[in-house]
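Analysis of the macromolecular model
Residues per chain, in single letters:
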Amino acid sequence: MKRIDIPIEGMHCASCASAIERRLQKEPGVNIGTVNFATQTATVAYDEAVTNLPQLMAAVRDAGYEVSLLTTSFPVEGITCSACVARVEKALLRTNGIVSASVNFATRVATVRYLAGVVTPPDMHQVVRDAGYDVMLTTQPETVGEPADAVDFQRQRNERELQALRRDLWIAGSLGVVVMLVSHLELFGITTFPAHATAWLLLLLSSIVQFGPGWRFYVGAWKGLKHFSADMNTLIALGTSAAWLYSAMAVLLPHWFLSRTMSADHTAGSILHLLYFDTSVVIIALILLGRYFEARARNRTSDAIRKLMGLQAKTARVLRDGQLIDLPIAQLYPGDLVVVRPGEKVPVDGEVTEGRSTVDESMLTGESLPVPKGHGDTVIGATLNRTGSFTFCVQRVGKDTMLAQIIRLVEQAQGGKAPIQRLADRVSGIFVPVVLLIALLTLLAWGLFVPDAYLLAHQQTRMVAALLHFVAVLIIACPCALGLATPTAIMVGTGRAAEMGILIKGGEVLERAHALTTVVFDKTGTITHGAPLVVGIFSVANDDDVLLRIAASAERGSEHPLGEAIVREAQSRGLTLAAADEFSALPGLGIGATVEGQRLFLGSDRFLQERGIDLSALTEQGHAYALAGSTPLYVVADDAPLGVIAVADTIRANAPEAVRRLKRLGLTTVMLTGDHRQVANAMAVQAGVDRVIAEVLPQHKAEEIQRLQHDGAVVAMVGDGINDAPALAQADIGIAVGSGTDVALEASDITLIGDDLTGVVVGIDLSRRTLATIRQNLFWAFIYNVLGIPVAAGVLAPLGISLTPVFAALAMAFSSVFVVSNSLRLRGYRPPEA
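Read on for a plain summary of the structure. (Residues numbered from 1 in each chain as written. Predicted model: local features only at pLDDT ≥ 70, side-chain atom pairs only at ≥ 80, totals over all residues. Heavy atoms only, no water.)

Secondary structure assignment for the chain yields 29 helices and 29 strands. Of all intrachain contacts in the chain linking residues separated by at least 6 positions in sequence, the fraction that spans at least 24 positions is 70%. When the accessible area of the chain is evaluated, it comes to approximately 35,200 Å², of which 57% is carbon and sulfur surface. (Helix = DSSP H or I, 4+ residues; strand = E, 2+ residues; numbered from the N terminus. Contact = heavy atoms within 4.5 Å. Areas by Shrake-Rupley, 256 points an atom, 1.4 Å probe, with all protein chains shown as cover.)

Moving on, we come to the nonpolar core. Ranked by size, the top nonpolar core spans 79 residues in total, and within it Ile6 and Val760 carry the most contacts. Of the residues forming this core, the biggest block, nine residues, is contributed by helix H28 (residues 758-793). Setting aside residues no more than four positions away along its own chain, Ile6 makes contact with Gln40, Thr41, Ala42, Val44, Leu53, Leu56, Val67 and Leu115. Formed by 59 residues, the second largest nonpolar core is a distinct cluster that contains Val209, Tyr246, Leu474 and Ile476. (Core = buried A, V, L, I, M, F, W, Y, C linked by side-chain atoms within 4.5 Å. Buried < 20%, exposed > 50% of the residue type's maximum accessible area, 1.4 Å probe, protein only.)

Relative to the helices and strands, Tyr46 resides in strand S3 (residues 41-46). In the structure, Tyr46 is positioned 17 residues away from Gly29 in sequence and 5.3 Å away in space, judged by C-alpha atoms. Residues within four places of Tyr46 in sequence aside, it is in contact with Met1, Lys2, Ile4, Gly29, Val30, Asn31, Thr51, Asn52, Leu53, Leu56 and Asn96.

Turning our attention to the packing of aromatic side chains. With the rule as written, the count across this model stands at seven aromatic pairs. Between Phe211 and Tyr218, the aromatic rings sit 5.7 Å apart at their centres with planes inclined by 15°, giving stacked as the arrangement. Taken together, a centroid distance of 5.6 Å and an interplanar angle of 40° make the contact between Trp215 and Tyr218 tilted. Note that Trp215 and Tyr218 are positioned in helix H7 (residues 215-226) at a spacing of three residues, about one turn of the helix. What makes Trp215 partly exposed here is its relative accessible area of 46%. (Phe/Tyr/Trp six-rings, centres within 6.5 Å; stacked < 30°, edge-to-face > 60°.)

Let us look at a nonpolar patch on the surface. On the surface, a cluster of nonpolar side chains totalling about 480 Å² of accessible area is made up of Trp200, Leu245, Met249, Leu252 and Leu253. Top contributing element to the nonpolar patch by residue count: helix H8 (residues 232-252), with three residues. Residue class for Leu245 comes out partly exposed when judged on its relative accessible area of 48%. (Patch = residues over 30% accessible without salt bridge, like charges linked within 9 Å, V, L, I, M, F, W, Y side chains within 5 Å. Salt bridge = Lys/Arg side-chain N within 4 Å of Asp/Glu carboxyl O.)

With respect to the element layout, Phe779 can be found in helix H28. Separated by 294 residues in sequence, Phe779 and Ala485 place their C-alpha atoms 9.1 Å apart.

On to unusual backbone geometry. Phi at Ala382 takes a positive value of approximately 85°, unusual for a residue other than glycine. Mapped onto the secondary structure, Ala382 falls in the loop between strand S14 (378-379) and strand S15 (384-385).

So, about the sheet that holds strand S5 (residues 70-75). Read from one edge to the other, the open sheet built from three strands follows the order S5-S7-S6, with strand pairing classed as antiparallel. At either margin of the open sheet sits one strand with a lone partner, and together these are S5 and strand S6 (98-104). Within the sheet, the average angular offset between the axes of one strand and its neighbour, ignoring direction, is 15°. Of the strand pairs in this sheet, S6 and strand S7 (residues 109-114) are connected by six bridges, and their pairing is antiparallel. What sits directly across from Ala101, in S7, is Val112. Each of S6 and S7 is contacted by helix H3 (residues 82-93), which is oriented at about 165° to S6, the strand it contacts most. Relative to the sheet, helix H4 (residues 121-130) contacts S5, S6 and S7, its axis offset from that of S5 by approximately 45°. (Pairing = 2+ DSSP bridges. Axes fitted to C-alpha atoms, helices over the stretch in contact; angles between N-to-C directions.)

We now examine the packing of helix H16 (residues 462-476) against H28. Two elements in contact, H16 and H28, have axes whose closest approach is 8 Å; the angle formed by their N-to-C orientations is 165°. Here H16 is positioned roughly antiparallel relative to H28, judged by the angle of their axes. Judged by the twist between their axes, the crossing of H16 over H28 is right-handed. In this structure, H16 uses His469, Ala472, Val473 and Ile476 to contact H28, whose residues at the interface are Tyr784, Asn785, Gly788, Ile789, Ala792 and Ala793. A breakdown of the residues in the contact of H16 with H28 according to their chemical character gives seven nonpolar, three polar and no charged. (Parallel < 35°, antiparallel > 145°, perpendicular 65-115°, else oblique. Left-handed = near helix turned anticlockwise from the far one by under 90°. Nonpolar A, V, L, I, M, F, W, Y, C, P; charged D, E, K, R; others polar.)

Pairing in this open sheet of four strands is antiparallel, and the strands run S2-S3-S1-S4 from one edge to the other. Here the strands that pair on one side only, and so sit at the sheet edges, are strand S2 (30-36) and strand S4 (66-67). In the sheet, S2 pairs with S3 via six bridges, with the strands oriented antiparallel. Opposite Ile32, over in S3, you have Ala45 as the bridge partner. Of the strands in this sheet, strand S1 (2-9), S2, S3 and S4 touch helix H2 (residues 53-62), which is tilted by about 35° from S1.

With that settled, the discussion passes to the pattern of salt bridges. Per the counting criterion, the structure on display carries 24 salt bridges. When the shortest N-O distance is used, the salt bridge between Asp522 and Lys701 registers 2.7 Å. Here the residue Asp522 occupies a position in strand S18 (residues 518-522), and Lys701 occupies one in helix H26 (residues 701-710), the gap between them amounting to 179 residues. Across this residue pair, the class does not change: Asp522 and Lys701 are buried. The closest approach of N and O atoms between Arg661 and Glu657, which form a salt bridge, is 2.6 Å.

In this structure, Ser553 sits in helix H20 (residues 544-555). By relative accessible area, Ser553 is classed as buried at 1%. Look past the residues within four positions of Ser553 in its chain and what remains in contact with it is Leu577, Ala578, Ala580 and Val595.

Following the sequence through the fold, Ser68 ends up in the loop between S4 and S5. For Ser68, a relative accessible area of 2% translates into the label buried. Side chain to side chain, Ser68 and Glu9 meet in a polar contact 3.0 Å long. (Polar contact = N/O pair within 3.5 Å; in protein donor to acceptor, adjacent residues only side chain to side chain.)

The subject of this paragraph is the packing of helix H23 (residues 616-627) against helix H25 (residues 677-687). If you want to describe how two helices pack, look at the angle between their axes and the distance between the axes. Running from N to C, H23 and H25 point in directions that differ by 20°, and their axes come no closer than 7 Å. With respect to each other, H23 and H25 are oriented roughly parallel. As H23 runs across H25, the sense of the crossing is right-handed. Residues His623, Ala626 and Leu627 of H23 form the contact with H25, whose own contacting residues are Gln678, Val679 and Ala682.

Turning to the environment of Ala793, a few remarks are in order. Mapped onto the fold, Ala793 is located in helix H28. The exposure class of Ala793 is buried, given its relative accessible area of 13%. Each C-alpha atom of the pair Ala793 and Leu468 lies 9.2 Å from the other, and the pair is 325 residues apart in sequence. Discounting residues that sit within four places of it in the chain, Ala793 has contacts with Thr442, Trp446, His469 and Val473.

Written out as structure tokens, the structure reads:
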């Protein structure tokens, strides 16, 4: 099953998104087809054996919308014949996101049309190289009329939209002011202009607005009509056309209209009182104003992605053939040696081979203090070198870098839908037809049943009263607010989290996080640093070095942090380790090995007692170590106890603060560990957790999470994302501590790029705040329509409360801007204090 994000042009409201969604889901082989109105993107999972990208694009066009494509050109080296051309073209066309590819044999230039965000020019260059050819560029790849990356593409697309809206708004606004003034000249005491000439001038000016800036609404309505659907464009086109057409007919047939008014003493000049050109023009101007502010605000919701993309360095100083040359990062390969000087950005991910420095990683991890780097340390692309120079070997480039993975995860989170949005989607799907029905009923009711006394009191004809309420109902009904309520909040919330070094996978995670009651921490490597030290040695023979040497010799084959601590301590003392044979390990219990002819066992008291070994000579000292917060490892040779080694892992400095903050959020904290209960209890006291579950084998951690869930808890599990993967997957929310490892941890729902546990608090609290914002948005969007439509229909007219079409347009514009602005408040989110 392939997944692809398709950028779409021409969507104006949630109904547009629903129409595209329904059309895509009709395609054979499409498993998931969701359309995000806020990001203007369709996310499709489909079976390549059944359908393909061109068919999906055709489905979008068939729904009346356009797919946004980019075009890029680059030189291909090594082409010698037409067979080479065919080979390169086939390789490119097999790449996900490439729509068309052609190679000019004469110029050796490949021209590719592709989907922004799915594939990039550097990806294409690698495809060409994998096909056996090369791309020799000295600068960044050039594109034809469009930028090379998805973020620039999105920015330019938004800018084009804003420019078009600004142009139309300026035309509609300026002419609207003129139409308003001319329509009400008598208010200024001006009565010298001929009425019919004034009427024709109003017809001309309003027609320019109606079929100039207002033409976009007709285009959108026609697209929906062709597919037997209606959207916001339909309502606006109908409403403004009704007001304009009524007024135009009054200008063209003035005597017929005058003869049907309520008063019998009309003069020729009275025709001006029958014209509502100002209503039509001002509605269009106000709607365009609302869309302009909405587009500007919506554009800000993707600032986080742009900031992340802006972190990346453009060039790198590469050591090749003994010379330092500056190259675009698109031309870096794994294995290249790159030199980074003070004040420069690290271009891509790699490992330091020479030199020392400190690197500011706060832009990715949220860690404010610079991190020391030396030989063998990992450096991350887009981080800032501070004090020294160093050389590193490139390990990951392009879409494999940590920054690219972060951006991809954030984009996926922002493009997803929360379950809470399903209600809004269902409402939006039937909203416009219902509004049309209400508007028609309003027209009939006011045209047939309104008392003459009411019309006389308001100096309106029956036709005018019916028309004004009909138009008001059409205009005030705005499904845009419903469509924007959820995705804008998710975009801003997940984007803000990413800026703080926290990756939240999407809307479903936000909803589950809201219900959390319990947070379970793995101990080793999560609450503790995961790098324990030997803090005590007790030898039966009173020879600590002999005991340590034998134990370290046995542990040389172990990858457990406790065993590594023993080996490091022996090496630091300069002890010579012996060879170990027949090594075996039982995870969470201990190890066995043969050293210098002796069969050694080293591990927990339970591990050794199950083998029938008497540890009474070591029990008192082992318990003392455990009470002090250390882990006692008992050493036995040929079933005879030799001693006990105490190993302690220190609590992370931020762990107690994180636990305190979680408690302030009303959450229960639990520590889950395979360690001895006494050790675990001592650690729990230092960390401040509420409960300890100790002596749990790694394979049983998921069962403990399941037991908590069975007791009614909604559980978040915090671990390193590797050894704890089953428990992370079992938990309602899995939170993985990245600590510089691969951030794309499939088992986790929230990933902390750094190792600061206060990120757990931020991730949960920000999830709650985001969901609260979504609920606020949906509440106001629903209330707005529930209250606004009846008022526009005239239900409260007997009480003297009514809504003119112009105020309806103003209210409609305000609703969408309000929802987006409410979501943007999350950009200023600050973590809760301890």
